[in-house]
Amino acid sequence: MLTTLQTSYTDTRAGDLAWQLGGEPLPALAVRELSFDGPGPDGGGRTGATLQLRLLGASHQVVLAAGPGDCLETVACLPGRRTPLPARVAERVAGWEYEFAARIEALPAHTFAARAQELLALVAEHPRGLAGIFPGDPCAFTAMVAQCEEHRVLWRTWHAYPQEGRLVCTRSSLVLQGPAGSGTHG
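Calculation criteria
Residues numbered from 1 in each chain as written. Predicted model: local features only at pLDDT ≥ 70, side-chain atom pairs only at ≥ 80, totals over all residues. Heavy atoms only, no water. Pairing = 2+ DSSP bridges. Helix = DSSP H or I, 4+ residues; strand = E, 2+ residues; numbered from the N terminus. Axes fitted to C-alpha atoms, helices over the stretch in contact; angles between N-to-C directions. Buried < 20%, exposed > 50% of the residue type's maximum accessible area, 1.4 Å probe, protein only. Contact = heavy atoms within 4.5 Å. Salt bridge = Lys/Arg side-chain N within 4 Å of Asp/Glu carboxyl O. Phe/Tyr/Trp six-rings, centres within 6.5 Å; stacked < 30°, edge-to-face > 60°. Core = buried A, V, L, I, M, F, W, Y, C linked by side-chain atoms within 4.5 Å. Expected span 1.5 Å × (residues − 1). Arc of directions from axis to C-beta.

### Here we look at the sheet that holds strand S1 (residues 2-4)
Read from one edge of the open sheet, 7 strands run S1-S9-S10-S11-S12-S8-S7, paired in mixed fashion. Two strands lie at the open edges of the sheet, namely S1 and strand S7 (88-93), each paired on one side alone. Taken over all neighbouring pairs, the strand axes of this sheet differ in orientation by 15° on average, direction set aside. Where S1 lies against strand S9 (residues 129-133), 3 bridges are found, and the strand directions are parallel. Bridge pairing in S9 places Thr4 opposite Ile133.

### What to know about the environment of Arg156
Note that Arg156 resides in strand S11 (residues 152-161). Here Arg156 falls in the partly exposed class, since its relative accessible area comes to 37%. Among all residues touching Arg156, those that are not within four sequence positions of it are Ala143, Met144, Val145, Thr170 and Arg171.

### A word on the pattern of salt bridges
Evaluation of the coordinates by the stated rule reveals 5 salt bridges. The salt bridge involving Arg13 is made with Asp16; its shortest N-O contact spans 3.4 Å. A salt bridge links Glu97 to Arg92; its shortest N-O distance comes to 2.9 Å. By relative accessible area, Glu97 is classed as partly exposed at 23%. In the salt-bridge network here, residues are joined through shared partners; they are Arg103, Glu105, Arg115 and Glu118.

### Some thoughts on the side chain of Thr142
Position of Thr142 relative to the elements: it lies in strand S10 (residues 141-148). Residue class for Thr142 comes out buried when judged on its relative accessible area of 3%. Every residue in contact with Thr142, bar those within four places of it in the chain, is listed here: Leu55, Ser59, His60, Leu130, Ala131, Gly132, Phe134, Trp158 and His159.

### Some points on the packing of aromatic side chains
Taken as a whole, this structure holds 2 aromatic pairs when the rule is applied. The interplanar angle of 25° and the centroid separation of 6.3 Å between the aromatic rings of Trp19 and Tyr98 together place this pair among those described as stacked. Of the two residues, Trp19 sits in strand S2 (residues 18-21) while Tyr98 sits in strand S8 (residues 96-106), which places them 79 residues apart along the sequence. Its relative accessible area of 15% is what places Trp19 among the buried residues. An aromatic cluster is built from Trp19, Tyr98 and Phe100, whose rings are joined through pairwise contacts.

### So, unusual backbone geometry
At Ser59, a residue that is not glycine, the phi angle is positive and equals roughly 150°. Structurally, Ser59 can be placed in strand S5 (residues 59-66). For Ser59, a relative accessible area of 2% gives the class buried. We note that Ala94 has phi near 45°; this positive angle belongs to a residue other than glycine.

### With respect to the nonpolar core
Counting 35 residues, the largest nonpolar core has Phe36, Leu51, Leu53, Leu64, Leu85, Tyr98 and Phe100 as its most contacted members. Each residue touching Leu53, except ones within four places of it in the same chain, is listed here: Ala30, Val31, Arg32, Leu34, Gln61, Val62, Arg128, Leu130, Met144 and Ala146.

### Regarding helix H1 (residues 109-125)
With 17 residues, H1 extends 25 Å between its outermost C-alpha atoms, agreeing within 8% with the 24 Å of an ideal straight helix rising 1.5 Å per residue. Of all the positions in H1, only Phe112, Ala116, Leu119, Leu120 and Val123 are classed as buried. What you see down the axis of H1 is that its buried residues fit within an arc of 100°, all on one side. H1 presents His110 and Glu125 as exposed residues on the side facing more than 90 degrees away from its buried surface. Packing partners of the buried residues in H1 comprise S1, S9, S10, S11 and strand S12 (166-176).

This is the structure we're talking about:
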């Protein structure tokens, strides 16, 4: 799903993005809600689970409501946060093993535009994708894709900053913890 975001594009920088786990949902400009069979509250059985992909004016949030507990990830220009994105994080969150990784690609202008269009086409056609283009520059966007399974949820995001030729790429996963803390893969 591809949309034009109804907000002015501000001249933010890739280095202004911060990561946060937990907190509350922020006002979103676009939301894609995905449903899947998730684990029951005790980690067994099956129940309807939801994953929200949320595009913010300042970047993205992902909200998972499933199984033993909820998880909320934010990657955005957050007021008061000046810590750069971590390269890698691994934590336990409400019965899940959570992993996050980020990298910043610096690309020349001609390569950046081609890569931006390639990513937007991929996400626009993806059955679990959401991309928002900021007005004023077709290469200024935030894009997300997700994969949902019974005991595992994965998502990738791309945040494009054409004014500086930088593309911030993240990948995250939640895997349901098995008995005695071992991961259960489904």
